[in-house]
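Working through the structure, step by step
The residues making up each chain are set out below.
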Amino acid sequence: MAKYTAPLVSELVAKGENPEILFWVGCAGSFDERAKAITVAFVKILNHVGIKFAVLGHEESCTGDPAKRAGNEFLFQMMAMSNIQVLNGYQIKKIVTACPHCFNTIKNEYPALGGNYEVVHHAQLLQQLIDEGRIKIKEGGSFKGKKITYHDSCYLGRANQIYEAPRKVLEVLDAQLVEMKRCRSTGLCCGAGGAQMFKEPEKGKKDINVERTEEALQTGATIIAANCPFCMTMLSDGVKNKEKETEIKVYDLAELIALANEL
Amino acid sequence: MQVLAQVIFGVIFLIANYFMVKNILRIRKTILLGKDVSIEASSQRWKNVILIAFGQKKMFKKPLPALLHLFVYLGFLIVNLEMIEIIVDGFFGTHRVLFPLLGSLYSFCINTFEFFAAAVIVACLVFLIRRNLIKVPRFSGVEMTSKPIVDANLILVVEILLMVAFLSMNACDYLLQQAGHEHYTSVGRFFISSSLSPLFAGLSSEALVFIERFCWWFHIIGVLAFANYVFMESKHLHIFLAFVNTYFARTEPAGKLQSMESVTREVKLMLNIPVETTETTTEPGRFGAKEVNDLSWKNILDAFSCTECGRCTQQCPANLTGKKLSPRKIMMDTRRRAQDMMKGIESQGKEFSDGKSLLGDYISEGEIMACTTCNACVEACPVLINPVDIIVQLRQYKVMEESQAPASWNMMFSNVENNFAPWKFSPSDRFNWVQKLD
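Residues numbered from 1 in each chain as written. Chains lettered and ligands numbered in written order. Predicted model: local features only at pLDDT ≥ 70, side-chain atom pairs only at ≥ 80, totals over all residues. Heavy atoms only, no water.

Here's the deal with the state of the cysteines
Counting across every chain of the model gives zero disulfides over all chains. Take Cys183 of chain A: it sits in no disulfide, and the sulfur closest to it among the cysteines is that of Cys154 of chain A, at 13 Å. With no disulfide of its own, Cys377 of chain B lies 6.4 Å from the sulfur of Cys371 of chain B, the closest cysteine sulfur. For Cys377 of chain B, a relative accessible area of 8% puts it in the buried group. (Disulfide = S-S within 2.5 Å. Buried < 20%, exposed > 50% of the residue type's maximum accessible area, 1.4 Å probe, protein only.)

Points about the interface of chain B and chain A
Tallying the contact residues gives 64 residues for chain B and 77 residues for chain A. When the buried area of chain B at its contact with chain A is split by residue, Arg430, Trp433 and Leu437 of chain B rank highest and sum to 14% of it. At the boundary of chain B with chain A, the tally comes to two salt bridges. Counting every contact that joins chain B to chain A gives 27 residue pairs in polar contact (both at pLDDT 80 or more). Among the residues making up the side of chain B that touches chain A, the classes are represented as 36 nonpolar, 15 polar and 13 charged. (Contact = heavy atoms within 4.5 Å. Buried area = accessible area lost by both parts, 1.4 Å probe. Salt bridge = Lys/Arg side-chain N within 4 Å of Asp/Glu carboxyl O. Polar contact = N/O pair within 3.5 Å; in protein donor to acceptor, adjacent residues only side chain to side chain. Nonpolar A, V, L, I, M, F, W, Y, C, P; charged D, E, K, R; others polar.)

Concerning the pattern of salt bridges
In a structure, side chains of opposite charge can pair up when their charged atoms sit close to one another. This structure, assessed with the given rule, holds 42 salt bridges over all chains. Of the charged contacts, one joins Glu33 of chain A and Lys36 of chain A as a salt bridge, the two residues approaching to 3.0 Å between their closest N and O atoms. One end of the pair, Glu33 of chain A, and the other, Lys36 of chain A, are both in helix α3 (residues 33-49), three residues apart, so they sit about a helical turn from each other. Measuring nitrogen to oxygen at the nearest pair gives 3.1 Å for the salt bridge that ties Lys398 of chain B to Glu402 of chain B. (Helix = DSSP H or I, 4+ residues; strand = E, 2+ residues; numbered from the N terminus.)

A look at the packing of helix α9 (residues 208-218) of chain A against helix α10 (residues 229-241) of chain A
Residue and element names in this part refer to chain A. One way to put it is that α9 packs onto α10 with a least axis distance of 8 Å and a crossing angle of 75 degrees. In terms of axis orientation, α9 runs roughly perpendicular to α10. Taken together, the residues of α10 that come into contact with α9 (itself represented by Asn209, Val210, Arg212 and Thr213) are Met234, Leu235, Asp237, Gly238, Val239 and Asn241. Its residues assigned to classes, the contact of α9 with α10 comprises four nonpolar, four polar and two charged. (Axes fitted to C-alpha atoms, helices over the stretch in contact; angles between N-to-C directions. Parallel < 35°, antiparallel > 145°, perpendicular 65-115°, else oblique.)

Description of the sheet that holds strand β8 (residues 249-252) of chain A
Residue and element names in this part refer to chain A. Spatial strand order, β6-β5-β7-β8: four strands in an open sheet with parallel pairing. Because the sheet does not close on itself, it has two edges, and the strands there are β6 (176-178) and β8. Strand-to-strand twist of the sheet, defined as the mean angle between neighbouring strand axes without regard to direction, takes the value 35 degrees. Alignment of strand β7 (residues 223-226) against β8, held across four bridges, turns out to be parallel. Bridge assignment links Ile223 to a residue of β8, and that residue is Lys249. Across the sheet, helix α11 (residues 253-260) is in contact with β5 (147-150), β7 and β8; its angle to β8 comes to roughly 90 degrees. (Pairing = 2+ DSSP bridges.)

Some thoughts on the packing of aromatic side chains
Within the structure shown, the criterion is met by 29 aromatic pairs over all chains. The interplanar angle of 25 degrees and the centroid separation of 6.2 Å between the aromatic rings of Phe230 of chain A and Trp423 of chain B together place this pair among those described as stacked. Pair noted here: Phe230 of chain A is in helix α10 and Trp423 of chain B is in the segment after α20 (407-419), and the two residues belong to different chains. Taken individually, Phe230 of chain A and Trp423 of chain B each receive the classification buried, so the pair is uniform in this respect. Ring geometry for Phe248 of chain B versus Trp297 of chain B: centroids 5.1 Å apart, planes at 90 degrees, classification edge-to-face. Of the two residues, Phe248 of chain B sits in helix α10 (residues 238-248) while Trp297 of chain B sits in helix α12 (residues 297-305), which places them 49 residues apart along the sequence. By relative accessible area, which is 24% here, Phe248 of chain B ends up partly exposed. (Phe/Tyr/Trp six-rings, centres within 6.5 Å; stacked < 30°, edge-to-face > 60°.)

Details of the packing of helix α1 (residues 2-31) of chain B against helix α15 (residues 327-348) of chain B
All names here are of chain B. Running from amino to carboxyl end, α1 crosses α15 at an angle of 105 degrees, the nearest separation of the two axes being 9 Å. Here α1 lies roughly perpendicular to α15, going by the angle between them. Mapping the contact onto sequence places Arg26, Lys29 and Thr30 in α1 and Ala338, Gln339, Met342, Lys343 and Glu346 in α15. Looking at the contact of α1 with α15 residue by residue, the class counts come to two nonpolar, two polar and four charged.

What about unusual backbone geometry?
All names here are of chain B. Positive phi, close to 55 degrees, is recorded for Lys135, a residue that is not glycine. Among the secondary structure elements, Lys135 is positioned in the loop between α6 (104-132) and α7 (146-178). Phi at Phe420 takes a positive value of approximately 65 degrees, unusual for a residue other than glycine.

Here we look at a nonpolar patch on the surface
All names here are of chain B. A surface patch of nonpolar side chains, about 580 Å² in accessible area, is lined by Val3, Val7, Val11, Ile15, Tyr18 and Phe19. Looking at where Ile15 falls in the secondary structure, it is placed in helix α1. Looking at Ile15, the relative accessible area reads 44%, which means it is partly exposed. (Patch = residues over 30% accessible without salt bridge, like charges linked within 9 Å, V, L, I, M, F, W, Y side chains within 5 Å. Areas by Shrake-Rupley, 256 points an atom, 1.4 Å probe, with all protein chains shown as cover.)

What about the domain arrangement of chain B?
Often, the extent of an interface is quoted as the loss of accessible area upon association of its parts. Residues and elements named next belong to chain B. Domain assignment breaks chain B into domain 1 (2-31 + 62-236) and domain 2 (247-405). Between domain 1 and domain 2, the C-alpha centre-to-centre distance is 38 Å. Tallying the contact residues gives 19 residues for domain 1 and 22 residues for domain 2. Carbon and sulfur atoms make up 51% of the area that domain 1 and domain 2 hide from each other, which totals about 1800 Å². Between domain 1 and domain 2 we count three salt bridges in total. For Glu233, the salt bridge goes to Lys343, with nearest N and O atoms at 4.0 Å. At the surface where domain 1 touches domain 2, the tally comes to eight residue pairs in polar contact (both at pLDDT 80 or more). Element by element, the count of residues in the side of domain 1 that touches domain 2 is highest for α1, at five residues. (Domains from an automatic or database assignment.)

Section: the domain arrangement of chain A
Residues and elements named next belong to chain A. Domain assignment breaks chain A into domain 1 (9-127) and domain 2 (137-260). Between the C-alpha centres of domain 1 and domain 2 there is a distance of 23 Å. Of the residues lining the interface, 26 residues belong to domain 1; the matching set on domain 2 comes to 28 residues. When domain 1 packs against domain 2, the two sides together hide about 2100 Å² of surface, and 73% of this comes from carbon and sulfur. It is Arg34, Pro100 and His101 in domain 1 that bury the most area against domain 2; as a group they hold 24% of the surface buried on that side.

A word on the pairing of β7 of chain A
By the alternation rule, side chains of β7 of chain A split into Ile223 and Ala225 of chain A and Ile224 and Ala226 of chain A, which are all buried. Between β7 of chain A and its parallel partner β8 of chain A, the chain crosses via α10 of chain A, and the hand of that crossover is right-handed. (Right-handed = clockwise from strand over helix to strand, strands pointing away.)

Section: the sheet that holds strand β1 (residues 21-24) of chain A
Residue and element names in this part refer to chain A. What the four strands build is an open sheet, ordered β2-β1-β3-β4; its pairing is parallel. The open sheet is flanked by β2 (53-54) and β4 (118-121), the only strands paired with a single partner. The strands touched by α3 are β1, β2 and β3 (94-97); relative to β1, the strand with the most contacts, the crossing angle is about 165 degrees. Running over the sheet, helix α6 (residues 100-109) touches β1, β3 and β4 and is turned about 160 degrees from β4.

Examining the environment of Pro100 of chain A
All names here are of chain A. Mapping Pro100 onto the fold places it in helix α6. Distance from Pro100 to Gly157, taken between C-alpha atoms, is 9.1 Å for residues 57 residues apart in sequence. Beyond its immediate stretch of four places on either side in the chain, Pro100 contacts His121, Ser153, Tyr155, Leu156, Asn227, Cys228 and Pro229.

In structure tokens, the structure reads:
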């Protein structure tokens, strides 16, 4: 049997079982090469701690977030309602996702359309697992003493006021956490939100992701920690733009925890 | 002579109040041009009023301006208590009518008023220096044309003049008391005004009486005129609307955008989901907002609560990187359009049209398309104004009514609709990541 598995909800339900928590992978986590590594890292952690989770596989669709923020409410509600039909059909109660956009949409915008679930972002679940002692990092892990700076995503931070959970997760790495000048509630956007990811930026003097990357580089950190697949793309592009991709790495929280645990 | 002064005072006071009430009602009418939204009462709303409006919680992200602003704010609340005495004296021709009633407490009150009057002068001077000499960047921008700049400076200068008049009046009063002038009952010395009194020493008692009376009239007429100005065209309404706006501000997470109920029914029908008969069957009207009255009254209230401080624009990632978007401009344009529309309705009636609209003639497409919905502006606003809510409604009009989304967004829409992901990947590849597990 494979070391790591990602069971499908449909298979669990066919066996008469229910998952403790549904892992909502999201489109980026499913299709984007870089974000797939985040999905894999998080699934490894879920396997490692022995949580009874499941994924929707082919039954998952875009939450509708980019459509809604671009102003296409019809398309958003179409996506939302078909997803809610699937989720309610499986009687899903609790959802975890590694994407703050999916997190925000399912948590805050699905209830008005009949989708009521307990929704957590993977930063919150990871923090909880650390608090419960289910995730432990060996003394002197691979990140010990390294300089890490954490980038607040807008949809976890300002949109949902989650600032501490991701920082608590990073603390277990025994690394040196350095804050950017603009952090927490004044954190600077990566430039991808509001469906900007799916169009060219409007005319301006500079790209937002370059501005943010410069700020991250100023901290002297060698690792930029992200919690969002879109921030991941924007910041990785920013690091490439500055030709620093050999020295500076952008990692998701789940990847850092998985790496530190040698998963 | 005394009776004439009382009559003049009464007439000025009543006329000023008449116009003030008229202008307040007009602002209310302008705000209510917006669509109706029901806002449920909750204790969180009162908490916001107390912490954010009364307590100025969000101001303290910038400690220096916060402290100076606190002086002006407390000065406004406290020094205006003196207005009670001034109005009674004005109507009845008395002088310092509250002194016999308050006794030793009177001296404490006036000393407190004088302290805050001086603090207001210092704070407003620093504000003028920050705006005009240091040129703090957030006070400039495309939307900061000469009108808002003059407005801001005028407000500061008037506040300084009113407080100078108040202190000069007391200084002359003090000298007249010492000279034993019959009308000027001895109420004792107040620290700040008595310290200023040497500036007026050596003047004849006629001159002192003239200055004292001039300052008294200047102060009261100035306050009444200022109050009228505030309710006409100025940006200064936040002194009242901050309280109203923090009460009506959203208490839900900032990331939540409102659901369009008019769409829900259509979507349910398309997806064969049973529609409850109670759900609205009326014609949904326009999707999103093109004009100011497509917005909600809360959006327009936001616009009238804006004092153009620029904290939003200073934090806006689009603005910081040179895009056209400035959240402050969104708010200022919304207010200007609402005022223009009100003027039009007053002169031409309800069916007024000037061939203009909020989107297109006031706010351009380039502005609304630059927003990342990051909520930095919402977070930055000391009075809980939400520019993102307006931007998204304007986008909805552009996309749903005009079908004028950028080509790449149309591609994204079609991918979401057909491939269930915003990119052009085959839905059958969605679970391929599982192969990477080992």
